[in-house]
Amino acid sequence: MPTAGIIGTGLIGGSVAVGLSGAGWDVIGFDADPDTLRTARERGLVDTSVDSVAGIVAAEPDVIVVAAPPKATIEILSNLDTGLVVMDVAGIKSDVVAAAGHLPKFVGTHPMAGRETSGPASASPALFKGANWIIVEGSPPEATEQVAGVVQALGANPVLMSAEAHDRVVAAVSHLPQLLAAGLLGSAAETEDALMLAAGSFRDLTRVAASQPLPWVEILKSNEAAVSAAIDALRDHLDRVEAAIAAPDDTLLSYLSRSRDVRRSLGAPVMPVRISLADEPGEIARVGQALAESHVDVRDIQIRHAPHGGGGVLTVSVRAGEEEALRHSLDDVGLTTLP
């Protein structure tokens with residue numbers, strides 16, 4: 001049975017722990033916060049726990065996973081002295097890799113997955129299923145191969161990339177969206193009655209703003225140069241959109257059409273089916289029955305509650321071509337679909 005030592009048993013570390021445990025690993029955990037570690041033990045995320053980083057090293061696990069915020073990760077790695085395979089999961093890579101330069105078998109990594117909630121209570125073995133997981137190039141081949149095995153055991157897809165490329169890319173697809181969500185909420189909050197009318201699209205765009213702010217302050221400041229470049233690029237696009245709105249031609253249509261094509265290229269085509277839910281027991285159970293009977297491939301599920309509680313609209317996105325099968329099954333169980 002392979003063994004993993006997890007330093008940091010919050011959302012990411014806890015999810016790694018419980019995922020590896022389910023894959024047949026023995027998991028040892030440590031967290032600087034006793035309450036976090038206790039919760040991880042109580043929820044069965046780790047098999048055993050120790051009271052220090054040194055305790056993790058002394059157990060000589062097959063791999064040590066440092067799952068802490070960027071500054072803490074850099075501090076832990078700087079003080080670590082071991083020939084064991086070590087990996088981290090921080091959201092920045094250049095500074096982290098530099099801090100681990102003395103470790104002979106260090107592999108920098110970053111899972112492109114997470115939640116807006118934090119802590120071991122939110123940990124899940126399914127968090128990384130199907131997600132891309134960046135592995136930084138340049139580590140010894142045997143260590144990189146072993147870490148790739150850990151990533152695959154968690155159901156994720158290993159993607160090799162340089163530390164510099166990682167920091168540039170995540171600034172555009174992860175760090176900038178966090179700032180954009182905050183900006184959208186700030187703007188709407190200053191517009192009278194705007195938040196009262198906020199619906200699905202606004203909620204989707206701003207979901208990540210519900211994340212704990214302190215880790216994001218660390219991440220954004222640690223990746224300042226790349227984040228600033230991403231902000232400049234977005235500012236340029238907003239300038240182009242503003243000019244296109246004022247232009248007496250089809251510039252705006254062309255711009256929005258290109259954006260639609262890029263968005264569609266991110267995944268397989270899906271079709272939304274909107275279901276009206278009444279405020280009564282058994283509604284979700286009937287949706288589940290319809291899904292089971294129709295055998296459709298569900299790609300996404302979202303719910304919009306009625307403004308004052310009770311009922312709402314459930315949107316189930318399925319593979320294109322399967323929407324009618326789901327509609328028929330929903331009709332059979334007595335549920336109403338909307339246009």
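Structural notes, computed from the coordinates.

**Remarks on the packing of helix α12 (residues 283–294) against helix α13 (residues 323–332)**
When two helices pack together, their arrangement is given by the angle between the helix axes and by the axis-to-axis distance.
Item 1. Running from amino to carboxyl end, α12 crosses α13 at an angle of 130 degrees, the nearest separation of the two axes being 8 Å. One finds that α12 runs oblique with respect to α13. Helix-helix and strand crossings are classified by hand; for α12 and α13 the assignment is right-handed. Together, Val 287, Ala 290, Leu 291, Glu 293 and Ser 294 of α12 and Ala 325, Leu 326, Ser 329 and Leu 330 of α13 make up the contact between the two elements.
Item 2. Here the contact of α12 with α13 is built from residues that sort into 6 nonpolar, 2 polar and 1 charged.

**Observations concerning the pattern of salt bridges**
Item 1. Per the stated rule, a full pass over the model turns up 10 salt bridges.
Item 2. In this structure, Asp 261 engages Arg 260 in a salt bridge whose closest nitrogen and oxygen atoms are separated by 3.7 Å.
Item 3. Its relative accessible area of 44% is what places Asp 261 among the partly exposed residues.
Item 4. Overall, Arg 260 belongs to the partly exposed group, its relative accessible area being 44%.

**Looking at the sheet that holds strand β9 (residues 270–277)**
Item 1. On the basis of which strands lie adjacent, the open sheet formed by 4 strands has the order β10-β11-β9-β12 and antiparallel pairing. If you trace the sheet from one side to the other, it starts and ends with β10 (298–305) and β12 (336–338), each paired once. Here the strands of the sheet are splayed against their neighbours by 30 degrees on average, with no regard to which way each runs.
Item 2. The pairing of β9 with strand β11 (residues 312–319) spans 8 bridges and is classified as antiparallel. Residue pairing in the sheet places Ser 276 in a bridge with Val 313 of β11.
Item 3. Against the sheet, α12 makes contact with β9, β10 and β11, and its axis sits at roughly 145 degrees relative to β9, the strand it touches most.
Item 4. With respect to the sheet, α13 is in contact with β9, β11 and β12, its orientation differing from that of β9 by roughly 15 degrees.

**Comments concerning the environment of Ala 98**
Item 1. For Ala 98, the position within the fold is in helix α5 (residues 94–99).
Item 2. Taking the C-alpha atoms as reference, Ala 98 lies 18 Å from Leu 84; in sequence the two are 14 residues apart.

**Some thoughts on the environment of Lys 71**
Item 1. With respect to the helices, strands and loops of the structure, Lys 71 is situated in helix α4 (residues 70–79).
Item 2. Along the backbone, Lys 71 and Leu 256 are 185 residues apart, and their C-alpha atoms lie at a distance of 40 Å.

**Thoughts on the sheet that holds strand β4 (residues 63–66)**
Item 1. In spatial order, the strands read β3-β2-β1-β4-β5-β6-β7-β8; together these 8 strands make up an open sheet with mixed pairing. Two strands close off the open sheet at either side, each with one partner strand: β3 (48–49) and β8 (157–161).
Item 2. As paired elements, strand β2 (residues 26–30) and β3 share 2 bridges and run parallel to each other. Of the residues in β3, the one forming a bridge with Ile 28 is Thr 48.
Item 3. Against the sheet, α4 makes contact with β1 (3–7), β4, β5 (86–88) and β6 (106–111), and its axis sits at roughly 145 degrees relative to β4, the strand it touches most.

Cut-offs used in this document
- Residues numbered from 1 in each chain as written.
- Predicted model: local features only at pLDDT ≥ 70, side-chain atom pairs only at ≥ 80, totals over all residues.
- Heavy atoms only, no water.
- Axes fitted to C-alpha atoms, helices over the stretch in contact; angles between N-to-C directions.
- Helix = DSSP H or I, 4+ residues; strand = E, 2+ residues; numbered from the N terminus.
- Parallel < 35°, antiparallel > 145°, perpendicular 65-115°, else oblique.
- Left-handed = near helix turned anticlockwise from the far one by under 90°.
- Contact = heavy atoms within 4.5 Å.
- Nonpolar A, V, L, I, M, F, W, Y, C, P; charged D, E, K, R; others polar.
- Salt bridge = Lys/Arg side-chain N within 4 Å of Asp/Glu carboxyl O.
- Buried < 20%, exposed > 50% of the residue type's maximum accessible area, 1.4 Å probe, protein only.
- Pairing = 2+ DSSP bridges.

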